[in-house]
Amino acid sequence: MKVTAFVADDEPIARAGLRGMLAAFDWVEVIGEAADGESAVRGIDALRPELAFLDVQMPGLLGTDVPRRLAHPTFVVFTTAFSEHAVSAFELGAVDYLLKPFGPTRLAAAMERVRSVIGEPATVGPFERLSGAMAGGPISRLFVRIGGSLVPLPVERVSWFEADGDYVIAHAGGARHVLHLALSRLESRLDPRRFTRVHRAHLVNLDHVRAFRRDAGGNLEAELVDGARVPVSRTRAQELRGLAR
């Protein structure tokens, strides 16, 4: 049985190109397409494909908003020419993100992920798993830009997040990754048992905290295993004072 797919992109050439590349996969059948977000919602709900390729930047409704409007959950691969959109559209039930321009090799890698996810054995069906992801459960990964590529970053590797204006900096393994989203939005999608807000501008991964200590001025800090020291606000310090040395 073939996997049914839907393609949404406001550029006819892009839609035709993607459909042409998908023709190389004999286990996939494209059953519909749309040129804007609203049409994508109507088409996907009417045709109920198992997989949707959604361009992020479409007229009327962003591709990243389409999954939340669907009555019928569908596995999603986002496509975009702008890396900042893919980074901010983290974990919306997506199987992968394709950064334009992409070719057959990159698409083949995405399709392998699609096949593994759809065919993955589990105690619940794939659509039930997807519905749970879209319901706003804790995320397991972010997508960050490294060079010219977008790569998955498991959140467990992030030691702390730092607000920087309208952006967030993820500190992981000595590297800094800029995320185009607000810290409050990110916090709402993280597991509160692992990540805690210690300051209005800082979220720390408790698995990466070596200790809470006082600095020379008597202020509480979170000392991380990588050597970083993250300030703790007075309010949080009162709650964490029992951990301070």
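Overview of the structure. (Residues numbered from 1 in each chain as written. Predicted model: local features only at pLDDT ≥ 70, side-chain atom pairs only at ≥ 80, totals over all residues. Heavy atoms only, no water.)

### Thoughts on the overall build of the chain
Helix and strand counts for the chain come out as 8 helices and 15 strands. Within the chain, counting contacts between residues at least 6 apart in sequence, those at least 24 apart form 53% of the total. Surface summary for the chain: the accessible area is close to 12000 Å², and the carbon and sulfur share equals 51%. (Helix = DSSP H or I, 4+ residues; strand = E, 2+ residues; numbered from the N terminus. Contact = heavy atoms within 4.5 Å. Areas by Shrake-Rupley, 256 points an atom, 1.4 Å probe, with all protein chains shown as cover.)

### A word on the pairing of strand 10 (residues 175-179)
The side chains of a regular strand alternate between the sheet's two faces. Where strand 9 (residues 167-172) meets strand 10, 5 bridges bridge the pair, whose relative direction is antiparallel. Counterpart to H171 in the pairing with strand 10 is R176. Joining the antiparallel neighbours strand 9 and strand 10 is a turn of 2 residues, in which G173 adopts a positive phi near 60 degrees. (Pairing = 2+ DSSP bridges.)

### With respect to the packing of aromatic side chains
Evaluation of the coordinates by the stated rule reveals 3 aromatic pairs. With centroids separated by 5.5 Å and ring planes inclined at 10 degrees, the aromatic side chains of F78 and Y97 adopt a geometry described as stacked. Linking F78 in strand 4 (residues 75-80) with Y97 in strand 5 (residues 94-99), this pair joins segments that are 19 residues apart in sequence. Of the two residues examined, F78 and Y97, each falls in the buried class. Plain terms: the ring middles of F161 and F195 are 5.5 Å apart, the flat faces sit at 50 degrees to each other, and that makes the pair tilted. (Phe/Tyr/Trp six-rings, centres within 6.5 Å; stacked < 30°, edge-to-face > 60°. Buried < 20%, exposed > 50% of the residue type's maximum accessible area, 1.4 Å probe, protein only.)

### Quick word on the nonpolar core
With 22 residues, the main nonpolar core has L22, L51, F53, L107, M111 and V114 as its most contacted residues. Of all the secondary structure elements, the ones that give two or more residues to this core are strand 1 (3-8), helix 1 (12-22), strand 2 (28-34), strand 3 (51-55), strand 4, strand 5 and helix 5 (104-118). What L22 contacts, discounting residues up to four positions off in sequence, is V7, V30, F53, L107 and M111. Counting 18 residues, the second largest nonpolar core, distinct from the first, contains I44, V56, V76 and F78. (Core = buried A, V, L, I, M, F, W, Y, C linked by side-chain atoms within 4.5 Å.)

### Here we look at the pairing of strand 13 (residues 209-214)
In terms of strand pairing, strand 13 meets strand 14 (residues 220-224) through 5 bridges, oriented antiparallel. Within strand 14, the position partnered with A211 by the bridge is E223.

### With respect to the sheet that holds strand 2
Pairing is parallel across the open sheet formed by 5 strands, whose spatial order is 2-1-3-4-5. Both edges of this open sheet fall to strand 2 and strand 5, since each of them pairs with a single strand only. If you compare each strand with its neighbour and ignore which way they point, the axes differ by 20 degrees on average. Here strand 1 runs beside strand 3; their pairing, made up of 4 bridges, is parallel. For A5, the partnering residue across the bridge sits in strand 3 and is L51. Docked against the sheet, helix 2 (residues 37-47) engages strand 1, strand 2 and strand 3, running at close to 165 degrees with respect to strand 1. (Axes fitted to C-alpha atoms, helices over the stretch in contact; angles between N-to-C directions.)

### So, the sheet that holds strand 14
Across the sheet, 3 strands lie side by side as 13-14-15; this open sheet has antiparallel pairing. The sheet terminates laterally at strand 13 and strand 15 (229-231), the two strands that pair on one side only. With strand direction ignored, the average angle separating the axes of adjacent strands in the sheet is 30 degrees.

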